[in-house]
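Structural description and commentary
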Amino acid sequence: MTLRKYLSTAAVALGVIVSNSAFAETVEEFYSGKTINLYIGYSVGGGYDTYARMIAAHIGKHIPGNPTVVPNNMPGAGSLRLTNWLYEAAPADGTAFGAIARAAPFEPLLKNQAANFKASEFNFIGNANREYSLCAANADSGVKNVEDLKSTELLVGGTGAASDPNIQANVLNEAIGSKMTIVDGYPGGNDIVLAMERGEVQGRCGWSWSTIKATKMDLVNDGKVNLLLQFSSSPHPELLDVPLALDLTDDKTSRALINFVVATQEMGRPYIAPPGVPEDRVEALREAFAETMSDPEFLEAATAAGLEISPSSGRDLQTIVQSVYQTEESVLNKLIELRK
């Protein structure tokens, strides 16, 4: 046997030993003493950040080995910066997962060249709450209802093409003839709200009712903002007097555009792990997420913070993604036009 062949054989044997050793390592053994980074695709203070930090504080005790879970913010491009990183560069060993925009998984479907991932390859972990997304306007903007929205220009904040604030405003302009002008470039929804309070912009879409209740309910109670409409298949029980976007038009194409947005709302606030994470660790994270959603301490803390909890599983999220990817091409082409 030549030296080259001997070394090659030895390397293969060593690889088998290492592989078998890694395979034999249990999930608990792997996570014991480790730190998991929970990345958040938005800036500090908004809804995605608030939910993710609450989950990070409680999920570790439900993961075998009880690792420490640390929240980290990675804002940018409506969470596409984080989504791309999770796909291309994040460690695929189960020590990193992230909270991304509910619309982000559908960016490749809409031919967004900045979306460098295949949504079907992510490992969806779960979602803490179904969202009811609203468009709202400052009370001093002159826009009190949908009819005003059709007749009066409203400057609304945006956080990037992939984000709900942008998508919803553009779809409504096309579907019902609203006159919203997007002022883009804010790193997160909380930054848009601060801009509304400063008078830089007059309103926003993609504002989750759960976030409003948790962080800015005083604006509603004090009459400083008007809730104009909601994106959902059915109204929130607390918002029965706020019209559904789907009820604002009978046009087939317009309703299809709105339906696309409504379908993405079912994603809530998705948590995803990179492709390639070992299956047993993915399942451990999914189970831990589900257990956290029914953890009395977590629920007590969420209630105290005003956070609504209506979870769905990682598998449920993957089913939604598969369904949305069946949207008719004509509707997708129109959505792509609206984003140019």
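Refer to the structure presented above.
To keep things clear, this report deals only with the structure shown in the data block.

Criteria and thresholds
Residues numbered from 1 in each chain as written. Predicted model: local features only at pLDDT ≥ 70, side-chain atom pairs only at ≥ 80, totals over all residues. Heavy atoms only, no water. Disulfide = S-S within 2.5 Å. Helix = DSSP H or I, 4+ residues; strand = E, 2+ residues; numbered from the N terminus. Buried < 20%, exposed > 50% of the residue type's maximum accessible area, 1.4 Å probe, protein only. Phe/Tyr/Trp six-rings, centres within 6.5 Å; stacked < 30°, edge-to-face > 60°. Lys NZ or Arg CZ within 6 Å of the ring centre and 35° of its normal. Pairing = 2+ DSSP bridges. Contact = heavy atoms within 4.5 Å. Axes fitted to C-alpha atoms, helices over the stretch in contact; angles between N-to-C directions.

So, about the state of the cysteines. Here is the idea: a disulfide is a covalent bond, and it sits between the sulfur atoms of two cysteines. Taken as a whole, this structure holds one disulfide when the rule is applied. Residue pairing for Cys 135: its cysteine sulfur links by disulfide to Cys 205, the two sulfurs lying 2.0 Å apart. Judged by the sign of its S-S torsion, about 110°, the bond between Cys 135 and Cys 205 is right-handed. Of this pair, Cys 135 sits in strand β5 (residues 133-138) while Cys 205 sits in strand β8 (residues 203-208); the two residues are 70 residues apart in sequence, bridging distant segments of the chain. Taking relative accessible area as the criterion, Cys 135 reaches 1% and is therefore assigned buried.

On to the packing of aromatic side chains, then. Applying the stated rule across the entire model yields nine aromatic pairs. When the centroid spacing of 4.8 Å and the interplanar angle of 25° are considered together, the rings of Tyr 42 and Tyr 48 count as stacked. In this structure, Tyr 42 and Tyr 48 share a single accessibility class: buried. Taking the ring centre of Phe 30 as reference, the NZ or CZ of Lys 34 above it sits at 4.3 Å. The ring of Phe 30 has Arg 281 sitting right over it, with the charged end atom 3.6 Å from the ring centre.

Strand order in the open sheet formed by six strands is β2-β1-β3-β10-β4-β11, and the pairing between neighbours is mixed. At either end of the open sheet lies a strand with only one pairing partner, and these are β2 (68-73) and β11 (312-313). Contacts from helix α4 (residues 80-88) reach β1 (35-40), β3 (96-99) and β10 (270-273), with the element oriented near 155° to β3. Of the strands in this sheet, β1, β4 (123-127) and β10 are in contact with helix α11 (residues 279-293), which crosses β4 at around 5°.

Remember that the coordinates give geometry; whether it matters functionally is a separate question.
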